[in-house]
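Survey of secondary and tertiary structure
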Amino acid sequence: MTARTIGYIVGSISSTSINRRLARALERLAPEDVTLVEIPIRDLPHYSPDHDADFPQVARDFKQGIADVDGVVIVTPEYSRSIPGVLKNALDWSSRPYGQNSFNGKPTAVIGTSGGAIGTALAQQHLKAVLSHFNAPTLGQPEGFIQSTPGLFTEEGEVTDETTAAFLRGYLDAFTALVDRYAEKAKVTV
Ligand SMILES: Cc1cc2nc3c(=O)[nH]c(=O)nc-3n(C[C@H](O)[C@H](O)[C@H](O)COP(=O)(O)O)c2cc1C
């Protein structure tokens, strides 16, 4: 089996983020031969076209982080029925300079958790629209709407409910299959 590296972006910079706990859970539950690595967004400044001629190192590192992995999972909270500004800012960096969109052709998946019953579904709809514009193939099913309850994820990313853990394993299997399909296509077209 081929080793794959999947990057993940956490759309929250909260020190108590439940989405970071979910990301840690995904790290722990990754299938054999799949390694999850974080692509951090915390230190990105606000994007402005003024940077296009000379991106700051932190933004170059961010774009390189996306380039270096076989696929990207975005783990995000829902803010005001959309995605948090810090995540949108990161996506804007990824899309520039014009013609150098980091997500073009990159397999992606979105998932998120909140206390609300819809588990970030509306944020994910907005996020999928952005990724579609980026020409990023995105996992359609299963949809990762996780309603968080106190203690569902420990700080270390342990999942205390087996049904949720099984769902997350299946989710990662489905995304790995998507990553593999695009890797095969890339081999054929190169
Ligand atoms: C500015 C703001 C807006 C929010 N809007 C929503 C929302 O639209 N839907 C929702 O389910 N939760 C919303 N919440 C609650 C978040 O789901 C909750 O704070 C969650 O813990 C955020 O994820 P994090 O812990 O990973 O940062 C909002 C929270 C904040 C701070």
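Residues numbered from 1 in each chain as written. Predicted model: local features only at pLDDT ≥ 70, side-chain atom pairs only at ≥ 80, totals over all residues.

**Re the overall build of the chain**
The condition is simple: Helix and strand labels come from DSSP, where a helix needs a run of H or I of at least four residues and a strand needs a run of E of at least two; each type is numbered from the N terminus. Here the radius of gyration uses the C-alpha set of atoms, whereas the globule reference equals 2.2 Å times the residue count to the power 0.38. For the exposure call, what matters is how many other C-beta atoms sit within 10 Å of a residue's own: 20 or more marks it buried, 12 or fewer exposed, and in between partly exposed, using C-beta atoms placed from the backbone.
The number of helices and strands found in the chain is five helices and five strands. Walking the chain from its N terminus toward its C terminus, one meets helices and strands in the order β-α-β-α-β-α-β-α-β-α. Relative to a compact globule of 190 residues, whose C-alpha radius of gyration would be 16 Å, the chain shows 16 Å and is just as compact. Relative to its 190 residues, the chain shows a buried fraction of 39%.

**What to know about the pairing of strand E3 (residues 71-75)**
Threshold: Should DSSP find at least two bridges between two strands, the strands are taken to pair. Here a crossover is taken to be right-handed if, once the strands point away from the viewer, the path from the first strand over the helix to the second is traced clockwise.
By the criterion of burial, E3 is predominantly enclosed, with five of the five residues buried. Judged by which residues are buried, E3 turns out to be covered on both faces: Gly71, Val73 and Val75 on one side and Val72 and Ile74 on the other are all buried. As paired strands, strand E1 (residues 4-10) and E3 are joined by five bridges and run parallel to one another. When the sheet's bridge partners are listed, Ile9 is paired in E3 with Ile74. When E3 meets strand E4 (residues 108-114), the two strands line up parallel, connected through four bridges. Looking at E4, one finds that Val72 is bridged to Thr108. Where the polypeptide runs from E3 across helix H3 (residues 85-94) and back to E4, its parallel neighbour, the crossover connection is right-handed.

**A look at helix H2 (residues 57-67)**
Definition in use: The arc in question is traced by the directions running from the helix axis to the C-beta atoms. Residue pairs are scored as contacts if the distance between their C-beta atoms, which are placed from the backbone, is within 7 Å.
Considered for burial, the residues of H2 that qualify are Phe62, Lys63 and Ile66. Along the long axis of H2, the arc covered by the buried residues comes to 90°, so they all point the same way. Those residues of H2 that are exposed and angled more than 90 degrees off the buried face are Gln57, Arg60, Gln64 and Ala67. Taken together, the buried residues of H2 touch E1, E3 and H3.

**Section: the sheet that holds E1**
Pairing between sheet strands relies on hydrogen bonds along the backbone, with the strands arranged either parallel or antiparallel. Our working rule: Lines fitted to C-alpha atoms define the axes here, with helix axes fitted over just the stretch in contact, and angles between the N-to-C directions of these axes take values from 0 to 180 degrees.
Read across the sheet, five strands follow the order E2-E1-E3-E4-E5 without closing on themselves; strand pairing throughout is parallel. Looking along the sheet, the strands with just one partner apiece sit at the ends: strand E2 (34-38) and strand E5 (144-147). The sheet shows a mean angle of 25° between the axes of neighbouring strands, taken without regard to direction. Summarising the sheet, E1 and E2 pair through five bridges and their orientation is parallel. In the strand pairing of E2, Tyr8 is matched with Glu38.

**Some thoughts on the UniProt feature "domain: NADPH-dependent FMN reductase-like" (unreviewed entry) in the chain**
So the rule is basically this: UniProt positions are given in the numbering used here, feature names are shortened, and annotations may be inferred rather than shown by experiment.
Residues annotated by UniProt as "domain: NADPH-dependent FMN reductase-like" (unreviewed entry) correspond here to residues 6-144. As annotated, residues 6-144 has a helix share of 33% and a strand share of 17%, and its two end C-alpha atoms lie 17 Å apart.

**Some remarks on the environment of Leu36**
For Leu36, the position within the fold is in strand E2. The partly exposed category is assigned to Leu36, around which 19 C-beta atoms lie within 10 Å. Contact partners of Leu36, with chain neighbours within four places excluded, come to Ile6, Tyr8, Leu26, Glu27 and Ala30.

**Here's the deal with unusual backbone geometry**
For the bond from Arg96 to Pro97, the omega torsion is -5°, close enough to zero to count as cis. Turning to its location among the elements, Pro97 is positioned in the loop between H3 and E4. Cis geometry marks the peptide bond from Gln141 to Pro142; its omega dihedral reads 0°. Tracing the sequence through the fold places Pro142 in the loop between helix H4 (121-133) and E5. For Asp33, which is not glycine, the phi torsion reads 70° and is therefore positive. Mapped onto the secondary structure, Asp33 falls in the loop between helix H1 (18-29) and E2. A positive phi angle, close to 65°, is found at Arg81, a residue other than glycine. Mapped onto the fold, Arg81 is located in the loop between E3 and H3.

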